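Here is how the chains run, residue by residue.
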Amino acid sequence: MKAPDFDYERPNTLAAALALLADGDGAAEPLAGGQSLMPMMNFRLAAPDVLVDLNAISELSGITVEDGWIRIGATTRYCELEASEELCAAMPLFPKVLPHVAHAAIRNRGTIGGSIALADPAAEMPALVLVLGGEIVLQNATGQRTVPADDFFLGIFDTEREPDELVVEVRLPVAEHSQRFGFHEIVRRHGDYAMAGCMITASMTLDTVRITLFGVADRPVRADLAEAALAGSDGGAAAIDAAIDALSDLEFEADLNAAENTKHHLAGVALRRAWAEVLT
Amino acid sequence: MTRTTRISLSVNGELVSAEVPVRRNLVDFLRQDVGLTGSHVGCEQGVCGACTLELDGRMVRGCLMLAVQADGAKVTTVEGLADSGRSADLRQAFATRNALQCGFCTPGMLASALEYIEKGGAPDRTAIREHLSGNYCRCTGYQAIVDAVCDTIDGKVSA
């Protein structure tokens, strides 16, 4: 199908975009890369009165690394993240994950801020900011606030963002030199949304471990008990078995592809494989 | 009432100016308003890849962009890739290897494969399949398509 009719605005400044969202009274929708919003409009699952195109706002795009923090502008595209040697050096989880985000043509348009604002539970970027303990910067016409990733994702396609706010920036801590990373996702076809996925970061000595699962619940979720089972352990077979057992505490959700118990099983498989990568 | 706006863009090197409904996507604009029917419309949800075309040097989904978003941009369709000779070797390889049956996916396959080739991609079957994973061929001709891409990279064809 084709999208229903709408008003289209393409402001050149962030201030102008925020004014349009404030005026829109909830009926204006920001358009970033459009790789999810456009299909949703074509399916008529989304029918905004006003589309506020963010693509002409240069101040919303770009990557800076300084003072131990990575700051990524919301409309920075996946292909720009992939091409940034500075980013991939500052955070080695990016080059592991990015090739698995959809397909090349989608990565040429899709943006990190759009993915985080949409909060698809099976998408990689929300899980990435969550596992890294990142922050999301929101702004409306009256001011700015920073929300930790741990508090940002509320449910399926539901976040802390209010309709008059934009995700303007994603902040992530620069990786420690010795920090370890693991990533695995289970898909039917390369680039598809994950049936189950896992991202892990751990200190060199395995004293601290953060684990995020995605594609298995209504949002990306921290696996706290599995983290506790692995933190301070030798990381061996007994520890990872205990961590996988500890997933029983989480609430898994079925989707069209898999029932809850399958999601639970696949989460364990993804965790085991991601952990193997942490140890290499 | 359908809302419209005027846009100007370069299509295959020619300046095009038109009044378009803001809801019209880029591939529909190219097919219906400009008359370039090489880019195909398949799923209209970004899954099949048949509408893949080049926008400002990057291959994108023509169905996941509005025509109005291409205002001021440089668009190259499968026709433009052929006319400039950029896709000549790849097209010859597709013909030689029987890399198309019905041909519906071919414009998108050519565009996506050309991006891989022009970026210096290796004749590695797994990497080529991963790059083309966003393009569906319902005649199940992937083997021959990957053969054609490998042949082009290996310089085994001359158009």
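Whatever comes next refers back to the structure up there.
For clarity, every value in this text was computed on a predicted model and none was experimentally measured. (Residues numbered from 1 in each chain as written. Chains lettered and ligands numbered in written order. Predicted model: local features only at pLDDT ≥ 70, side-chain atom pairs only at ≥ 80, totals over all residues. Heavy atoms only, no water.)

A. Broad picture of the overall build of chain A. The number of helices and strands found in chain A is 12 helices and 14 strands. Against the globule reference of 19 Å for 280 residues, chain A gives a C-alpha radius of gyration of 19 Å, in line with a compact fold. Counting only residues that meet the buried cut, chain A has 55% of its 280 residues in that class. Across chain A, contacts joining residues at least 24 apart in sequence account for 62% of those joining residues at least 6 apart. For chain A, the accessible area works out to roughly 11,400 Å², and carbon and sulfur atoms hold 49% of it. On chain A, the mean spot of the 20 positive side-chain charges and the mean spot of the 42 negative ones are 7 Å from each other. (Helix = DSSP H or I, 4+ residues; strand = E, 2+ residues; numbered from the N terminus. Rg over C-alpha atoms; globule rule 2.2 N^0.38 Å. Buried < 20%, exposed > 50% of the residue type's maximum accessible area, 1.4 Å probe, protein only. Contact = heavy atoms within 4.5 Å. Areas by Shrake-Rupley, 256 points an atom, 1.4 Å probe, with all protein chains shown as cover. Lys, Arg positive; Asp, Glu negative; His and termini not counted. Charge placed at Lys NZ, Arg CZ, Asp CG, Glu CD.)

B. Main features of the overall build of chain B. Counting secondary structure elements, chain B contains six helices and five strands. Listing the helices and strands of chain B from first to last along the sequence gives β-β-α-β-β-β-α-α-α-α-α. Its C-alpha atoms give chain B a radius of gyration of 16 Å, near enough to 15 Å, the size a compact globule of 159 residues would have. Seen through its C-alpha atoms, chain B measures out along the principal axes to roughly 50 × 30 × 25 Å.

C. A look at the sheet that holds strand E13 (residues 209-214) of chain A. All names here are of chain A. Taken together, the four strands give an open sheet; going across it, the order is E11-E12-E13-E14, and neighbouring strands pair in antiparallel fashion. At either end of the open sheet lies a strand with only one pairing partner, and these are strand E11 (180-186) and strand E14 (221-222). As paired elements, strand E12 (residues 196-202) and E13 share six bridges and run antiparallel to each other. Within E13, the residue paired with Thr201 across the bridge is Arg210. Across the sheet, helix H8 (residues 124-131) lies against E11, E12, E13 and E14, angled at about 160° from E13, the strand it touches most. Taken strand by strand, helix H12 (residues 260-279) contacts E11, E12 and E13, and its axis lies near 145° from that of E11. (Pairing = 2+ DSSP bridges. Axes fitted to C-alpha atoms, helices over the stretch in contact; angles between N-to-C directions.)

D. Helix H1 (residues 26-33) of chain B, seen in detail. All names here are of chain B. Turning to H1, its buried residues number three or more, namely Leu26, Val27, Asp28, Phe29 and Leu30. Here the buried face of H1 lies against strand E1 (4-11), strand E2 (14-21), strand E3 (52-55) and strand E5 (74-76). The positive-phi residue at the C-terminal boundary of H1 is Gly35, with phi of around 85°.

E. How the structure looks around the packing of aromatic side chains. Residue and element names in this part refer to chain A. Enumeration according to the criterion identifies one aromatic pair over all chains in this entry. Where Phe152 meets Phe153, the ring centres are 5.1 Å apart and the plane angle is 90°; that geometry is what we call edge-to-face. Classification of Phe152 as buried rests on a relative accessible area of 0%. The exposure class assigned to Phe153 is buried, which follows from its relative accessible area of 5%. (Phe/Tyr/Trp six-rings, centres within 6.5 Å; stacked < 30°, edge-to-face > 60°.)

F. Local environment of the sheet that holds E5(B). All names here are of chain B. If you trace the five strands from one edge of the open sheet to the other, you get E2-E1-E5-E3-E4, paired in mixed fashion. Bordering the open sheet on either side are E2 and strand E4 (58-61), each of which pairs with just one other strand. Between one strand axis and the next, the sheet turns through 40° on average, direction left out of account. By the bridge criterion, eight bridges tie E1 to E2 in an arrangement that is antiparallel. Bridge pairing in E2 places Thr4 opposite Pro21. Strands E1, E2, E3 and E5 of the sheet are contacted by H1, whose axis makes an angle of about 105° with E2. Along the sheet, helix H4 (residues 106-118) contacts E3 and E4; its crossing angle with E3, the most-contacted strand, is approximately 45°.

G. Spatial organisation of unusual backbone geometry. Phi is positive for A:Arg44, which is not a glycine, with a value near 65°. Position of A:Arg44 relative to the elements: it lies in the loop between helix H2 (37-42) and strand E3 (50-53).

H. Spotlight on the interface of chain B and chain A. Chain B puts 28 residues into the contact, and the matching count from chain A is 33 residues. For the pairing of chain B and chain A, the buried interface totals around 2,700 Å² over both sides, and the portion due to carbon and sulfur atoms is 49%. Remark: the boundary between chain B and chain A carries six salt bridges. Salt-bridge contacts for A:Lys2 lead to B:Asp28; the nearest nitrogen and oxygen are separated by 2.6 Å. Secondary-structure elements contributing two or more residues to the side of chain B that touches chain A are E4 and helix H5 (125-131) of chain B. For the side of chain B that touches chain A, the residue count by class is 12 nonpolar, seven polar and nine charged. (Buried area = accessible area lost by both parts, 1.4 Å probe. Salt bridge = Lys/Arg side-chain N within 4 Å of Asp/Glu carboxyl O. Nonpolar A, V, L, I, M, F, W, Y, C, P; charged D, E, K, R; others polar.)

I. Focus on the side chain of A:Ser233. Residues and elements named next belong to chain A. Positionally, Ser233 belongs in the loop between helix H10 (224-230) and helix H11 (237-245). Within the structure, Ser233 has its side chain in polar contact with the backbone oxygen of Leu230 (distance 2.7 Å). There is a polar contact of 2.9 Å between the side chain of Ser233 and the backbone nitrogen of Gly235. Once residues within four sequence positions are removed from consideration, Ser233 is found in contact with Leu206 and Ala239. (Polar contact = N/O pair within 3.5 Å; in protein donor to acceptor, adjacent residues only side chain to side chain.)

J. Layout of the nonpolar core. By size, the foremost hydrophobic cluster in this structure holds 39 residues, and its most contacted members are A:Leu93, A:Phe94 and A:Met125. In terms of residue count, the dominant contributor to this core is H8(A) (six residues). Discounting chain neighbours no more than four positions away, the residues touching A:Phe94 are A:Ile72, A:Leu81, A:Leu87, A:Pro99, A:Ile112, A:Met125, A:Leu128 and A:Leu172. The next biggest cluster of nonpolar side chains, apart from the first, holds 36 residues, and it includes A:Phe6, A:Leu37, A:Ile106 and B:Val68. (Core = buried A, V, L, I, M, F, W, Y, C linked by side-chain atoms within 4.5 Å.)

K. How the structure looks around the state of the cysteines. Residue and element names in this part refer to chain B. This model, assessed by the stated rule, comprises zero disulfides over all chains. Considering cysteine sulfurs only, Cys48 is the nearest to Cys43, which forms no disulfide, with 3.9 Å between them. Cysteine Cys105 is unpaired, with the sulfur of Cys137 as its nearest cysteine sulfur at 4.1 Å. (Disulfide = S-S within 2.5 Å.)

L. Quick peek at the pattern of salt bridges. Residue and element names in this part refer to chain A. Under the definition given, this model contains 27 salt bridges over all chains. Where Glu82 meets Arg107, a salt bridge forms, and the shortest distance between an N and an O atom there is 3.2 Å. With Glu82 in helix H3 (residues 78-83) and Arg107 in helix H6 (residues 104-107), this residue pair connects regions lying 25 residues apart in the sequence. Taking the relative accessible area as the measure of exposure, Glu82 reaches 33% and is therefore partly exposed. Assessed through its relative accessible area of 12%, Arg107 is described here as buried. As a salt-bridge pair, Asp150 and Arg222 come within 3.2 Å of each other at their nearest N and O atoms.

Functional significance is not addressed by these values, which are geometric in nature.
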